[in-house]
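A closer look at the structure
Below are the chains, spelled out letter by letter.
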Amino acid sequence: MSDEAVERTFLFADMAGFTALTEVMGDEEAVQVADDFFAGARELLAEHQATEVKTIGDAVMITGEDAGKMVLLGLRLARDVGARHGFPSVRVGIHSGSAVQRGDDWFGAAVNLAARVSGAAAGGEVLLSEATRDAAGDLDGVDVLEHGREHFRNIADPVLLFRAVSLSGKEESTGLPIDPVCRMAVDPTRQAGLLIHDGLEYRFCSLECVRRFAAEPDRFADVGSS
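Just so we're clear, the structure is a prediction, and the values are computed from it rather than from any experiment.

Our next topic: the overall build of the protein chain. The helix and strand inventory of the protein chain stands at seven helices and 10 strands. The C-alpha radius of gyration of the protein chain comes to 18 Å, within 12% of the 17 Å expected for a compact globule of 226 residues. Each principal axis of the C-alpha distribution contributes one length, and for the protein chain these read about 55 × 35 × 35 Å. Out of the 226 residues belonging to the protein chain, those deemed buried represent 46%. Excluding contacts between residues fewer than 6 apart, the proportion of contacts in the protein chain whose partners are at least 24 apart in sequence is 63%.

Rendered as structure tokens:
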């Protein structure tokens, strides 16, 4: 245990639409999806010299010393793990700064800001603070685009954020269609059903999602349409 602050990069990733998934699929299946997400994330840690700190609900907190590797890890989580059939899309937030380690956990403003950045991301997005952008430098195959300034609670000044994009994956970045009811990715070759509403196609992972959409199409329309 140490009270000395050290420089680290912190990454938070969670599943967008996890609440909707839980409502449709139930607690037990939702927990299994979360466990599968965590397992997929853990498979990538060693390659990116990163360490899992903890899981919080459907979110995982990860830390590492190399900001560039953490950005690459974030892209893998969003593009590979979060693009699988039956998974909600993954959103990622990353910030670099000083923090204090207590046991296996980390504390400090840098940790808190990383969590806030994650909350600002949409499904499939990897957002970085300016500190992480500067610490990571130029990364082969990655474009870093200015995302804009965000106001976060209990932080006085707006925070400039950037969005990391994999150049090799720009064509694939749209991912699989999204089930409008449970917000899970749907492989069209494995879909449970397809409905057309107001001229738009909607694909579904289960017959229960088909039933719910058919009963209240206006509630779910425009999510995941193609």
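Within the secondary structure layout, S118 lies in helix α4 (residues 109-120). Sequence-distant contacts of S118, that is, excluding residues within four places in its chain, are made with F12, A13, D14, R91, V92 and G93.

Attention now moves to the packing of helix α2 (residues 27-45) against helix α3 (residues 67-81). Where α2 contacts α3, the two axes come as close as 10 Å, and the packing angle between them is 140°. Here α3 runs oblique to α2, going by the angle between their axes. For the element pair α2 and α3, the recorded crossing hand is right-handed. In this structure, α2 contributes F37, G40, A41, L44 and L45 to the contact, and α3 contributes L73, R76, L77 and V81.

Taken together, the buried positions of helix α6 (residues 207-215) are occupied by C209, V210 and F213. Looking straight down α6, one finds its buried side chains confined to an arc of 105°; they lie on one side. Away from its buried face, by an angle of more than 90 degrees, α6 presents the exposed residues L207 and A215. Taken together, the buried residues of α6 touch α1 (18-25), β9 (193-197), β10 (200-204) and α7 (217-220).

Bringing the side chain of T63 into the picture now. Looking at where T63 falls in the secondary structure, it is placed in strand β3 (residues 59-64). A polar contact of 3.2 Å, which involves the side chain of T63, links it to the side chain of R8. Sequence-distant contacts of T63, defined by excluding residues within four places in its chain, comprise R8, T9, F10, A50, T51, V53, M70 and W106.

Here α3 is 15 residues long and its end C-alpha atoms lie 20 Å apart, about the 21 Å a rise of 1.5 Å per residue gives. Among all positions in α3, only A67, G68, M70, V71, L73, G74, L75, L77, A78 and V81 are buried. The opening residue of α3, the one whose side-chain oxygen lies 2.9 Å from the backbone nitrogen of G68, is D66.

Okay, the confidence of the model for the protein chain next. Considering every residue of the protein chain, the mean pLDDT works out to 87; 92% of them sit at 70 or more. Residue range residues 170-174 is modelled with pLDDT below 50. Its contacts to residues more than four positions away, or to other chains, number three contacts.

Phi angles above zero are rare outside glycine, and Q49 is one such case at about 55°. Here Q49 lies in the loop between α2 and β2 (50-56). Judged by relative accessible area, which is 54%, Q49 ranks as exposed. In this structure, D198 is a non-glycine residue whose phi angle is positive, near 55°. Relative to the helices and strands, D198 is located in the loop between β9 and β10. Take D198: its relative accessible area is 69%, and that puts it in the exposed class.

Calculation criteria
- Residues numbered from 1 in each chain as written.
- Predicted model: local features only at pLDDT ≥ 70, side-chain atom pairs only at ≥ 80, totals over all residues.
- Heavy atoms only, no water.
- Helix = DSSP H or I, 4+ residues; strand = E, 2+ residues; numbered from the N terminus.
- Rg over C-alpha atoms; globule rule 2.2 N^0.38 Å.
- Buried < 20%, exposed > 50% of the residue type's maximum accessible area, 1.4 Å probe, protein only.
- Contact = heavy atoms within 4.5 Å.
- Axes fitted to C-alpha atoms, helices over the stretch in contact; angles between N-to-C directions.
- Parallel < 35°, antiparallel > 145°, perpendicular 65-115°, else oblique.
- Left-handed = near helix turned anticlockwise from the far one by under 90°.
- Arc of directions from axis to C-beta.
- Polar contact = N/O pair within 3.5 Å; in protein donor to acceptor, adjacent residues only side chain to side chain.
- Expected span 1.5 Å × (residues − 1).
- pLDDT = per-residue confidence, 0-100.

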